[in-house]
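Summary of the model geometry
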Amino acid sequence: MEELLIDAYGDDEQLWALHAGIEDSLDLPMDVHVIGEPLTLIAIDYDGNARRGLVASCRGADGTEHRVAFADIQLAPDAAGYPYLVAYCRWLGVQPASPRPRRDSGREARDLTAGEEDIDPAKPMDLIVVAVKQRAARCRFIGSERVITLRAASLDGMVPGQVVTVQANKHWRFNGHPYLSGKITSNRIDAPALGLTPLALNEFGAWDPADAYGGEADESIEHWARPMIARGPRPVFEMAQVLPGHNPDDFDSDPILEANDLNGAGDTEAAQDILTQLLESDLRCLDAHAHLGNLLFQTSPEWAINHYEVGVRIGELSLGPDFDGVLAWSLIDNRPFLRCMQGYGLCLWRLQRWEEAEHVFERILLMNPLDNQGIRFLLPAVRGHEAWVDDED
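Note that the structure is predicted; figures quoted are calculated from it, not measured.

The rules we used
- Residues numbered from 1 in each chain as written.
- Predicted model: local features only at pLDDT ≥ 70, side-chain atom pairs only at ≥ 80, totals over all residues.
- Heavy atoms only, no water.
- Core = buried A, V, L, I, M, F, W, Y, C linked by side-chain atoms within 4.5 Å.
- Buried < 20%, exposed > 50% of the residue type's maximum accessible area, 1.4 Å probe, protein only.
- Contact = heavy atoms within 4.5 Å.
- Pairing = 2+ DSSP bridges.
- Helix = DSSP H or I, 4+ residues; strand = E, 2+ residues; numbered from the N terminus.
- Axes fitted to C-alpha atoms, helices over the stretch in contact; angles between N-to-C directions.
- pLDDT = per-residue confidence, 0-100.
- Phe/Tyr/Trp six-rings, centres within 6.5 Å; stacked < 30°, edge-to-face > 60°.
- Lys NZ or Arg CZ within 6 Å of the ring centre and 35° of its normal.

1. Quick word on the nonpolar core
Core analysis: the largest hydrophobic core is formed by 66 residues, its most contacted members being Leu-283, Ile-314, Phe-337, Trp-349 and Phe-361. Among all residues touching Phe-337, those that are not within four sequence positions of it are Met-239, Leu-286, Gly-311, Val-312, Gly-315, Glu-316, Leu-319, Leu-327 and Met-367. Judged by nonpolar contacts, the second largest core, of 28 residues, contains Met-30, Val-34, Cys-58 and Val-68.

Structure below.
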């Protein structure tokens, strides 16, 4: 690190130095893993955005290309590039992603699909849903990278990020890919079981209610703001955002905006496909969970709530049980998590789960005390058990 950062001052200069030193030191292309998926690292880039940091360009076995944070790369401790990955993560102040053992590259394609040893028709099996299509769901086994396509009588209410228990009645292979049919006996949201690396939390100083709610001495403080004032100054964080398929070199490249445009033009199915593909690449793409929920919010709140809650629970992996910080809306990478929280609370309200909705809305206010989302205007109706009304009707 001392050699790489000599005469480099400030984050931007140091990132340029880290980029040059790490890329020159690695023998690219090289085999890596990202969230357990085997990929080939083909390049490391830095575009001058210090908040984004170093970006890894990777290629999958099927030829698809992905751009991910270099800190999310997984390498075995004996891999040639591991010391450089560790050094960069230490510079960021984060832990390296849990490494996966390197395997013979000739086995990678076979290891990605379930084999006979994974399926015991006599026993129920738990599967993680990573993508839901019209008549099938792409799943992987808990604690494994292996994938399988599930066909069931009904996929209503199933969303990426859930864990489903299946009693199999048939399994087969077609074109080398495994398939399974059976009865879904239960489903649940269990974020720790997904085996995800929590999204990083970057600290941005302190939030002081005296500055945020200050005013004239005789100016009364609104009731909704008093709990925030009582907590006093608190640390501010920004939660890292994962957006597979985003090209940082193209300002207009944003899969979420593309999905929104398609939905606005009436092509909801195409919008859903884009959002589903994002989650198939990385279940930590919280904005995809939020926007999939948005597609169903008006017509099926009992289904939409699952999308929002999965996003909330995955985001909570980064917060821990005692989190009392601020996730300011002004730090834009916090917005996907806050959108999931808001959608979750609105669905609870629509389903008349009053106490749960009140708890979620109060929590949003504590996390985003400047209330850019207008939660303070919703709380009185929820506390009064007033039925949700669509203002657009």
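2. Side note on the sheet that holds strand 3 (residues 55–59)
Spatially, 4-3-2-1-5 is the arrangement adopted by the five strands of the open sheet, whose pairing is antiparallel. Strand pairing shows two members of the sheet lacking a second neighbour, strand 4 (65–69) and strand 5 (73–74), which therefore form its edges. Where strand 1 (residues 30–34) meets strand 5, two bridges bridge the pair, whose relative direction is antiparallel. Opposite His-33, over in strand 5, you have Gln-74 as the bridge partner.

3. Observations concerning the sheet that holds strand 10 (residues 177–188)
Ordered by their spatial adjacency, five strands build a closed barrel running 6-7-8-10-9, and the pairing between neighbours is mixed. Between one strand axis and the next, the sheet turns through 50 degrees on average, direction left out of account. In the sheet, strand 7 (residues 137–141) pairs with strand 8 (residues 147–151) via four bridges, with the strands oriented antiparallel. Its bridge partner being in strand 8, Arg-140 is matched across the sheet by Val-147. Against the sheet, helix 8 (residues 268–281) makes contact with strand 6 (125–132) and strand 7, and its axis sits at roughly 135 degrees relative to strand 6, the strand it touches most.

4. Focus: the confidence of the model for the protein chain
Per-residue pLDDT for the protein chain averages 84, and the proportion of residues at 70 or more is 88%. Taken together, the stretch residues 100–111 has pLDDT below 50 and engages in 19 contacts with residues farther than four places along the chain or on a different chain.

5. Comments concerning helix 3 (residues 82–92)
Considered for burial, the residues of helix 3 that qualify are Tyr-82, Leu-85, Val-86, Ala-87, Tyr-88 and Cys-89. At its buried positions, helix 3 is contacted by helix 2 (10–25) and strand 5. Positive phi appears at Gly-93, one or two residues downstream of helix 3, with a value of about 85 degrees.

6. A look at the pairing of strand 6
The buried count for strand 6 comes to seven of eight residues, which makes it a mostly enclosed element. One ladder, built from four bridges, connects strand 6 with strand 9 (residues 163–174); its direction is antiparallel. What sits directly across from Asp-126, in strand 9, is Thr-165. One ladder, built from five bridges, connects strand 6 with strand 7; its direction is antiparallel. Counterpart to Ile-128 in the pairing with strand 7 is Arg-140. Hairpin geometry of strand 6 and strand 7 is characterised by an intervening segment of four residues between the two adjacent antiparallel strands.

7. Let's talk about the packing of aromatic side chains
For the structure shown, the criterion picks out six aromatic pairs. Summarising the aromatic geometry, the rings of Tyr-88 and Trp-91 are spaced 6.3 Å apart at their centres and angled 15 degrees between planes, so their arrangement reads as stacked. Residue Tyr-88 and its partner Trp-91 are both found in helix 3; the two are separated by three residues, about one turn of the helix. When the ring of Phe-237 is compared with that of Phe-323, the centres are 5.7 Å apart and the planes differ by 55 degrees; the resulting orientation is tilted. Here Phe-237 is found in strand 12 (residues 234–239), whereas its partner Phe-323 is found in the loop between helix 10 (301–316) and helix 11 (335–350), with 86 residues between them in sequence. What links up through ring pairs into an aromatic cluster is the set Phe-70, Tyr-88 and Trp-91. The ring of Trp-172 carries the charged tip of Lys-170 above its face, separated from the ring centre by 5.0 Å. Note that Arg-350 overlies the ring of Phe-297, its terminal NZ or CZ placed 4.9 Å from the centroid.

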